[in-house]
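Descriptive structure summary
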There are 2 protein chains.
Amino acid sequence: MSKDKIVRMEHGAGGEAMQTLIRDVILKNITNRSAGLVGLDDLDDGATINIASNIHDSERSDEIVITTDSHVIKPPFFPDSNIGRLAVSGTVNDLAVMGAAPLALTCAMVVPEGFELDSFEKIIRSMNAAAEEVGVPIIAGDTKTVDRNGLDSIIINTTGIGIAYEVIRDCGLCPGDRIILTGTIGDHGISLLAHREGFDLNTDLVSDVAPLWNMIRSVIPIRTIEGKPAISAMKDPTRGGLAGALNEMAQKSGTGIIIDQKDLPIRGSVSSACEMLGIDPLEVANEGKAIICVKDENAEEVLSIIRKHEYGKDAAIIGEATDSNSGKVLMRTTIGSMRYVDTPTGDLIPRIC
Amino acid sequence: MSKDKIVRMEHGAGGEAMQTLIRDVILKNITNRSAGLVGLDDLDDGATINIASNIHDSERSDEIVITTDSHVIKPPFFPDSNIGRLAVSGTVNDLAVMGAAPLALTCAMVVPEGFELDSFEKIIRSMNAAAEEVGVPIIAGDTKTVDRNGLDSIIINTTGIGIAYEVIRDCGLCPGDRIILTGTIGDHGISLLAHREGFDLNTDLVSDVAPLWNMIRSVIPIRTIEGKPAISAMKDPTRGGLAGALNEMAQKSGTGIIIDQKDLPIRGSVSSACEMLGIDPLEVANEGKAIICVKDENAEEVLSIIRKHEYGKDAAIIGEATDSNSGKVLMRTTIGSMRYVDTPTGDLIPRIC
């Protein structure tokens, strides 16, 4: 069978190959793709259901927000965390970056025969701890087993239902908006890679996986002097890393983005590991970080609130949206040159979520 | 490692082992398990979110209903259907048996590297056809790939969001209620088993997988003379078959159930295959059938409406709920004796959904 007629690893990696598969095979064949403001075509972090039109004639514009993710990370236990905390955090964060408070989660697990019950219970406890952190109940589930020849590690799907008074999109960026990153990049992907491959990074680097709703909810109500929402767009830089998320935001918003390398929060251990391994830290997945785009006048206020949170203490303004270079991301490097930051095409570190 | 400290196949099979795992390992460790009328503890076909309390002060009692299922059926293509139609139908049916109109579906796919793109597209088209049949949009998704050593077949999670003016439970059965089964039992499990194992059943038996909402919606509005809902409980007899579903309904409702073997709709080919293979057809999974419990006075009306639908033409009244034998299911056999119908303990036919 020729290489272009089968599914390849990069089809699930969050880069261009996946976008092509989604557009050419999935979207093309689905007739009804929307139930509200944000649908399947938007390829946002989730979608919305306009509940007012289904339920009552309210004048409020609340939308139910829904997002789903299947987590296949291997091994399921990694430095300081596990697939359970990741599954809950990932879904809570997809709701959060759309401006939605989590109302409930569902959890569907596929477990290989022979998986240790102790490990299974640890994973459930971690799911619970992450869910408790943001006060979201887990209300429905499903458990399937697969023979050990058919599956080698646990897979957890979490779907989240949230509610947003105002939905925040990943396409709302306007020229002049400032771009806040809520913490250091690459911690999750690099700590996982080191753990899996047995590299000794000579550091206490651990995954950053965390549920961000408590932090994000504190900045959603902020308004400009004119009373408009201060936040114009949000996204979490998971698969495809910061490079993938920023490119998607620039393309969807029709703006350019310029970031400053010197302002990028990054740990020394991540930086040197990336150099050693020939990996661009901008392309490495994060699981406890958000990109928050805000009106210039509110940037310092939002930043200072974010920094007060445990998960936002390393937050920084890393750049801004521009009129020029529409759909492109540029980086001013520490040596003063400018370079394009492209959408990652493949998957350098598979199974990171 | 001792046998009781690992996950075994029957932990995901829909029988008693799974119930024990859910109660002792999952429910015990989850703190918040409810967001409305039906929560995780109820182990119903889905759960509900009381949206009124979250969204507005409506006097209506609409509840958002949510259900999730990960489908691991192997092979993904089986007689007359495939995992895509199954994934949409299974989730639509879990909403339907709770009385909920489907508002939207999400779809998260885990695809092994090397999976044929043609097959992938066929699956998507089948999902779309099933979704179109009941008019439900697919609004959000996720695509992950796994290396071929880690997974041998596609896994599809579908989560459904529905809305119910009155939620129908699987615990609402009352003594005297009549039990309607909407069609023949065992078609899905037996056709799949024959296909997978290469048995020639000398028949055109195919899977019954179908989305049942259009049929079920037509009987939900029916009322008793006193104006009460005619339907007291519903459930779809999937994993664990009719035996599993009826036992769950009897236990949760605190009634007994007596069914009549002579009234059970079953195809000759299924009956003889079960006999040959030593399988109880009551324990075989169905994917296009529902158990509808109705007040005695409405039973014939509901049955005649169900029979007018394509998916209900073989429907029959198979038994009734009783005061005696609380929590137990009994069957009057064709030779006139009575026997207990127990909850299946293991998994005779794995990977049927």
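The rules behind these values
- Residues numbered from 1 in each chain as written.
- Chains lettered and ligands numbered in written order.
- Predicted model: local features only at pLDDT ≥ 70, side-chain atom pairs only at ≥ 80, totals over all residues.
- Heavy atoms only, no water.
- UniProt positions renumbered as here; feature names shortened; annotations may be inferred.
- Buried < 20%, exposed > 50% of the residue type's maximum accessible area, 1.4 Å probe, protein only.
- Helix = DSSP H or I, 4+ residues; strand = E, 2+ residues; numbered from the N terminus.
- Arc of directions from axis to C-beta.
- Contact = heavy atoms within 4.5 Å.
- Salt bridge = Lys/Arg side-chain N within 4 Å of Asp/Glu carboxyl O.
- Polar contact = N/O pair within 3.5 Å; in protein donor to acceptor, adjacent residues only side chain to side chain.
- Nonpolar A, V, L, I, M, F, W, Y, C, P; charged D, E, K, R; others polar.
- Lys, Arg positive; Asp, Glu negative; His and termini not counted.

Going by an unreviewed UniProt entry, chain A carries the name Hydrogenase expression/formation protein HypE and comes from Methanococcoides alaskense. The Sequence similarities (unreviewed entry) comment attached to chain A in UniProt states, word for word, "Belongs to the HypE family."

Quick notes on helix H8 (residues 268–277) of chain B
Residue and element names in this part refer to chain B. Ser269, Val270, Ala273 and Cys274 are the residues of H8 that are buried. Take H8 and look down its axis: the buried residues cluster within an arc of 130 degrees, on one side only. Seen from the open side of H8, the exposed residues pointing more than 90 degrees away from its buried face are Gly268, Glu275 and Met276. Buried residues belonging to H8 abut helix H5 (187–197). Two residues or fewer past H8, Gly278 is found with a positive phi of approximately 70 degrees.

Details of helix H1 (residues 16–26) of chain A
Where H1(A) is concerned, the buried positions are Ala17(A), Met18(A), Gln19(A), Leu21(A), Ile22(A), Val25(A) and Ile26(A). Here the buried face of H1(A) lies against helix H7 (241–253) of chain A together with strand E5 (101–112), helix H4 (117–133) and strand E6 (138–146) of chain B.

Here's the deal with the interface of chain A and chain B
Much of the literature gives interface size as the accessible area that the parts lose upon coming together. The interface of chain A with chain B comprises 87 residues on the first partner and 86 residues on the second. The tally of links from chain A across to chain B stands at 8 salt bridges. Lys74(A) serves as the salt-bridge partner of Asp147(B), at 3.9 Å between the closest nitrogen and oxygen. Linking chain A with chain B are 37 residue pairs in polar contact (both at pLDDT 80 or more), by the criterion used here. Those elements giving two or more residues to the side of chain A that touches chain B turn out to be H1, strand E1 (47–49), helix H2 (51–55), strand E2 (63–71), strand E5 (101–112), helix H4 (117–133), strand E6 (138–146) and strand E7 (155–164) of chain A. Residues of the side of chain A that touches chain B, tallied by class, amount to 42 nonpolar, 22 polar and 23 charged.

Concerning the side chain of Glu287(A)
Within the secondary structure, Glu287(A) is located in the loop between helix H8 (268–277) and strand E11 (291–294). This buried residue, Glu287(A), is left without a salt bridge; Arg239(A) holds the nearest opposite charge, at 7.1 Å.

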